[in-house]
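Fold and contact review
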Amino acid sequence: MKLTGPLERVLRVLVADPTMPHYGYDLMKAARLPSGTLYPMLARLQQEGLVDSQWEDPRPDAGGRPPRKYYQLTAEGVRVARLELARAPAARGMTRHVAARPAHGTPGSAR
Amino acid sequence: MSGTRLVQLAAERLIGAACRRLPADVRAERYREWTAELPAILDDESIRPSWLRGLRALAFSAGISRATRQLRRSARAGSRHTRNSPWRAGALRARVNSLAARLAVGLGAYLVAVAVTVTVMSARPDPRGWPFLLLVALGIGFDVFCLADIARARQVRYLPKWIWALICLIQLPLGGILYLCIGRIGPAPAVLPEDTRA
């Protein structure tokens, strides 16, 4: 799996709270991605078993709103996402992120 | 009918059209998933002014169109799926593989086009009659089809894309026929770059 910019943004949103399911538009807003990028990516992640989806139960209080499909990282997805994201800043030269969130065993003055 | 409702209907139509590219077994579910996002966009209070929500919903549908194209491509790479529409697969891409055979088909098509044009022009020389206009419309339609095909193609054979486009434009029936017979590669290759990386 190659960590591209958009993929990194989606993973960051999903991994921020792995137990919270997101629906598509929610993810689009949070990761600031257009639908044309997001959905193929979700499909790929799902194929690789990193993301799981489920339909929301029809709720009477939804005001006639059609049920949504929610996406969530699988256990394997959480593991892979954390691993990839931890490697990402160093590989992409994003030193600001390293400074803000030092990984274990990294000196705080990693710049 | 309110404007929002109208936009929602239009966006649903767009999504429906995009979903036709998907295999039949996932089409209905995808359609339900994506149309269910529309109310969320149209009721999104954080988008201001309110008419922007309609635009966002339409942009969402346009993105879905791109998404289904991508999904279709990766599905095709994964397994040799039969395509939904024979037209999209390239009905004009005759199922002949040797260059000579393709050229013969092209020549035949060109002769037919010339014969039709000559017959129509000699029978009805009036340049404002409907047969003439029909021919012009056909010519323009054919050119647009060829240009669109060149624009969508991942790759074309022998010449750069822009030269093929020029040929199609300059030599009205022949250029397009030549492109379809010689320059067109057809559907995307089985393995795509984004799927080859592990």
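Of the regular secondary structure elements, chain B holds eight helices and zero strands. Walking chain B from its N terminus toward its C terminus, one meets helices and strands in the order α-α-α-α-α-α-α-α. Per-residue burial for chain B yields a buried fraction of 19% across its 198 residues. Within chain B, residue pairs in contact and separated by at least 24 positions form 65% of the contacts whose partners lie at least 6 positions apart.

We now examine the overall build of chain A. Of the regular secondary structure elements, chain A holds five helices and three strands. Listed N to C, the secondary structure of chain A is α-β-α-α-β-β-α-α in terms of helices and strands. Across the 111 residues that make up chain A, the buried fraction comes to 25%.

Moving on to the nonpolar core. Ranked by internal contacts, the top residues of the largest apolar core, which has 33 residues, are Val10, Leu38 and Leu42 of chain A. Elements with a minimum of two residues in this core: helix H1 (5-16), helix H2 (24-31), helix H3 (35-47) and strand S3 (69-73) of chain A together with helix H1 (3-19), helix H2 (24-42) and helix H3 (51-78) of chain B. In terms of nonpolar packing, the next biggest core, distinct from the first, is built from nine residues, Cys146, Ile150, Leu178 and Leu180 of chain B among them.

Residues and elements named next belong to chain A. With 12 residues, H1 extends 17 Å between its outermost C-alpha atoms, agreeing within 8% with the 16 Å of an ideal straight helix rising 1.5 Å per residue. When we look at burial in H1, the residues that qualify are Leu7, Val10, Leu11 and Leu14. Angular distribution of buried residues about the axis of H1 spans 100°; they occupy a single face of the element. Residues of H1 that are exposed and angled more than 90 degrees away from the buried face: Gly5 and Ala16.

As a further point, take the interface of chain B and chain A. Facing 16 residues of chain B, the contacting portion of chain A comprises 15 residues. Of all elements in the fold, only H2 and H3 of chain B reach the threshold of two or more residues within the side of chain B that touches chain A. Partitioned by chemical class, the residues of the side of chain B that touches chain A number eight nonpolar, three polar and five charged.

Our focus in this paragraph is the pairing of S3 of chain A. All names here are of chain A. Note: strand S1 (residues 22-23) against S3, two bridges, orientation antiparallel. When the bridges of S3 are listed, His22 appears paired with Tyr71. Examined bridge by bridge, strand S2 (residues 51-55) and S3 share five bridges and lie antiparallel to one another. Paired with Ser53 across the strands is Tyr71, a residue of S3.

All names here are of chain A. The predicted model of chain A averages 80 in pLDDT, with 77% of residues at 70 or higher. At the low end of the mean pLDDT range in chain A sits helix H5 (residues 95-100), at 46; at the high end sits S3, at 93. Here residues 93-100 scores under 50 on pLDDT; set against residues more than four positions off or in separate chains, the count is eight contacts.

A separate point is the packing of H2 of chain A against H3 of chain A. Residue and element names in this part refer to chain A. Running from amino to carboxyl end, H2 crosses H3 at an angle of 115°, the nearest separation of the two axes being 10 Å. The hand of the H2/H3 crossing is right-handed. Contacts from Gly24, Leu27 and Met28 in H2 reach Ser35, Leu38 and Tyr39 in H3. Considered class by class, the residues forming the contact of H2 with H3 number four nonpolar, two polar and no charged.

One open sheet accounts for three strands, arranged S1-S3-S2 (chain A); its pairing is antiparallel. Each edge of the sheet is formed by a strand with only one pairing partner; in this case those strands are S1 and S2 of chain A.

This next bit is on H3 of chain A. Residue and element names in this part refer to chain A. An ideal rise of 1.5 Å per residue puts 18 Å on 13 residues; H3 measures up with 18 Å between its terminal C-alpha atoms. Among the residues of H3, Ser35, Gly36, Thr37, Leu38, Tyr39, Pro40, Met41, Leu42 and Leu45 are the ones counted as buried. Positive backbone phi, at 80°, marks Gly49, one or two positions downstream of H3.

The packing of two helices is summarised by the inter-axis angle and the distance between the axes. Residue and element names in this part refer to chain B. Helix H6 (residues 161-170) packs onto helix H5 (residues 130-152) with a crossing angle of 180° between their chain directions and a minimal axis gap of 10 Å. What the angle tells us is that H5 and H6 run roughly antiparallel. Between H5 and H6, the contacting residues are Asp143, Cys146, Leu147 and Ile150 on the first element and Lys161, Trp164, Ala165, Cys168 and Leu169 on the second. Residue composition of the contact of H5 with H6, by class: seven nonpolar, no polar and two charged.

On to unusual backbone geometry. For the bond running from Arg48 of chain B to Pro49 of chain B, omega is -5°, close enough to zero to count as cis. Of note, Arg32 of chain A is a non-glycine position whose phi angle comes to about 50°, a positive value. The residue Arg32 of chain A is located in the loop between H2 and H3 in this model. Non-glycine residue Tyr158 of chain B carries a positive phi angle of around 70°.

Calculation rules
Residues numbered from 1 in each chain as written. Chains lettered and ligands numbered in written order. Predicted model: local features only at pLDDT ≥ 70, side-chain atom pairs only at ≥ 80, totals over all residues. Helix = DSSP H or I, 4+ residues; strand = E, 2+ residues; numbered from the N terminus. Buried ≥ 20, exposed ≤ 12 C-beta atoms within 10 Å, placed from the backbone. Contact = placed C-beta atoms within 7 Å. Core = buried A, V, L, I, M, F, W, Y, C linked by C-beta atoms within 7 Å. Expected span 1.5 Å × (residues − 1). Arc of directions from axis to C-beta. Nonpolar A, V, L, I, M, F, W, Y, C, P; charged D, E, K, R; others polar. Pairing = 2+ DSSP bridges. pLDDT = per-residue confidence, 0-100. Axes fitted to C-alpha atoms, helices over the stretch in contact; angles between N-to-C directions. Left-handed = near helix turned anticlockwise from the far one by under 90°. Parallel < 35°, antiparallel > 145°, perpendicular 65-115°, else oblique.

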